[in-house]
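What follows is the residue order along each chain.
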Amino acid sequence: QVQLVESGGGLVQVGGSLRLSCAASGSFFRPYSMGWYRQAPGKEHELVARISQSGTTNYGTSMKDRFTISRDNAKNTIYLQMTNMNPEDTAVYYCNFVGNDGLATARGYWGQGTQVTVSS
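Caption draft 1: Geometry of the overall build of the chain. Secondary structure assignment for the chain yields zero helices and 11 strands. When its helices and strands are written in sequence order, the chain yields β-β-β-β-β-β-β-β-β-β-β. Its C-alpha atoms give the chain a radius of gyration of 14 Å, near enough to 14 Å, the size a compact globule of 120 residues would have. Referenced to the eigenvectors of the C-alpha coordinate spread, the extents of the chain come out at roughly 45 × 25 × 20 Å. A burial count over the chain gives 42% of its 120 residues as buried. Sequence-distant contacts in the chain: of pairs separated by 6 or more residues, those separated by 24 or more amount to 55%. Taken as a whole, the chain presents about 6,100 Å² of accessible surface, with 49% of it coming from carbon and sulfur. Charge separation in the chain, taken as the distance between the mean sites of 10 positive and 8 negative side-chain charges, equals 7 Å.

Caption draft 2: Structural context of the side chain of Asn76. Residue placement: Asn76 occurs in the loop between β7 (67-72) and β8 (77-82). Here the side chain of Asn76 touches Arg30 through a polar contact of 3.4 Å, side chain to side chain. Filtering out sequence-adjacent residues up to four positions away, Asn76 remains in contact with Cys22, Ala23, Ala24, Phe28, Arg30, Tyr32 and Met34.

Caption draft 3: The pattern of salt bridges, seen in detail. This model, assessed by the stated rule, comprises four salt bridges. When the shortest N-O distance is used, the salt bridge between Asp89 and Arg38 registers 3.0 Å. In this pair, Asp89 sits in the loop between β8 and β9 (91-100) while Arg38 sits in strand β4 (residues 29-39), placing the two residues 51 residues apart along the sequence. When its relative accessible area of 1% is taken as the criterion, Asp89 is described as buried. For the salt bridge of Arg66 with Asp89, the shortest nitrogen-to-oxygen distance reads 2.8 Å.

Caption draft 4: Layout of the environment of Gly55. Structurally, Gly55 is set in the loop between β5 (46-51) and β6 (57-59). Under the relative-accessibility criterion, Gly55 is labelled partly exposed at 37%. As for Gly55 and Ala40, which are separated by 15 residues in sequence, their C-alpha atoms are 27 Å apart.

Caption draft 5: Up close: the state of the cysteines. Taken as a whole, this structure holds one disulfide when the rule is applied. In this model Cys22 forms its disulfide with Cys95; the gap between the sulfur atoms is 2.0 Å. Judged by the torsion about the S-S bond (-85°), the Cys22/Cys95 disulfide is left-handed. Of this pair, Cys22 sits in strand β3 (residues 18-26) while Cys95 sits in strand β9, and the two are 73 residues apart along the sequence. Residue Cys22 shares its accessibility class with Cys95, and that shared class is buried.

Caption draft 6: Region of interest: the environment of Gly16. Structurally, Gly16 is set in the loop between β2 (10-13) and β3. In this structure, the C-alpha to C-alpha distance between Gly16 and Thr90, residues 74 residues apart in sequence, is 12 Å. What Gly16 contacts, discounting residues up to four positions off in sequence, is Met82, Thr83, Asn84 and Met85.

Quick notes on the rules
Residues numbered from 1 in each chain as written. Predicted model: local features only at pLDDT ≥ 70, side-chain atom pairs only at ≥ 80, totals over all residues. Heavy atoms only, no water. Helix = DSSP H or I, 4+ residues; strand = E, 2+ residues; numbered from the N terminus. Rg over C-alpha atoms; globule rule 2.2 N^0.38 Å. Buried < 20%, exposed > 50% of the residue type's maximum accessible area, 1.4 Å probe, protein only. Contact = heavy atoms within 4.5 Å. Areas by Shrake-Rupley, 256 points an atom, 1.4 Å probe, with all protein chains shown as cover. Lys, Arg positive; Asp, Glu negative; His and termini not counted. Charge placed at Lys NZ, Arg CZ, Asp CG, Glu CD. Polar contact = N/O pair within 3.5 Å; in protein donor to acceptor, adjacent residues only side chain to side chain. Salt bridge = Lys/Arg side-chain N within 4 Å of Asp/Glu carboxyl O. Disulfide = S-S within 2.5 Å.

Take a look at the structure:
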């Protein structure tokens with residue numbers, strides 16, 4: 001089992017910045033990938049950013065220029081630095097983990113979600 005603990009969500013003004021963190025704990029093996037997804041009311045779940053064990057990243061549309069994902073392998077933690085935020089970034093942000101948990105080679109886990117609200 002893998003537990004994901006997210007932090008850093010909250011309220012930010014348009015043009016502001018916010019940093020999310022997600023720490024993985026429990027039983028798992030490297031390599032693994034982690035990422036952030038989000039879901040806004042009435043919209044589909046969408047990729048924000050993912051990062052592999054080696055640091056390879058990919059981003060959702062329109063996010064690469066404003067968001068930066070990073071990871072600290074020693075802490076099994078990823079970060080999402082969001083800048084120049086706009087109201088369309090308002091959503092629940094979910095942390096995702098995909099890796100070997102000893103039961104399967106590529107099992108996925110989700111965090112509980114953290115609310116991000118951008119006010120105009």
